Amino acid sequence: MTAQTDITGSVTTVYKVTGMSCGHCEGSVSGEISQIPGVSSVKAVASTGEVTVVSEAPLDEEAVRAAVDEAGFELAGQA
């Protein structure tokens, strides 16, 4: 899935993150990604490894990768 822009101008992107196994993992990843400027919401799901990010504009994948790394996990790319 690629980034999608909705009618309000926000962009939704789904990323695959490896290594998440519990709610604490989801919170760690969500907390780090939510600190990226322009991010309005983050939902991480450990069971699927998917992280859905809503932002004002498309995000720099390296910024997302750095945030995921900071949380202790690995960004596999966009889902």
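Just above, that's the structure.
Residues numbered from 1 in each chain as written. Predicted model: local features only at pLDDT ≥ 70, side-chain atom pairs only at ≥ 80, totals over all residues. Heavy atoms only, no water.

Chemist: With reference to specific residues and values, describe the environment of Glu32.
Modeler: Relative to the helices and strands, Glu32 resides in helix H1 (residues 23-33). Filtering out sequence-adjacent residues up to four positions away, Glu32 remains in contact with Ala67, Glu70 and Ala71. (Helix = DSSP H or I, 4+ residues; strand = E, 2+ residues; numbered from the N terminus. Contact = heavy atoms within 4.5 Å.)

Chemist: Could you give me a rundown of the pattern of salt bridges, with the residues and numbers involved?
Modeler: Applying the stated criterion across every chain yields a total of two salt bridges. The salt bridge involving Glu61 is made with Arg65; its shortest N-O contact spans 3.3 Å. Of this pair, Glu61 and Arg65 are both found in helix H2 (residues 61-71), four residues apart, which corresponds to roughly one turn of the helix. Arg65 is paired through a salt bridge with Glu62; the nearest N and O atoms lie 3.5 Å apart. Of this pair, Arg65 and Glu62 both sit in helix H2, three residues apart, roughly one helical turn. Note on Arg65: relative accessible area 25%, which makes it partly exposed. Assessed through its relative accessible area of 48%, Glu62 is described here as partly exposed. Each member of the salt-bridge network shares a partner with another, and the members are Glu61, Glu62 and Arg65. (Salt bridge = Lys/Arg side-chain N within 4 Å of Asp/Glu carboxyl O. Buried < 20%, exposed > 50% of the residue type's maximum accessible area, 1.4 Å probe, protein only.)

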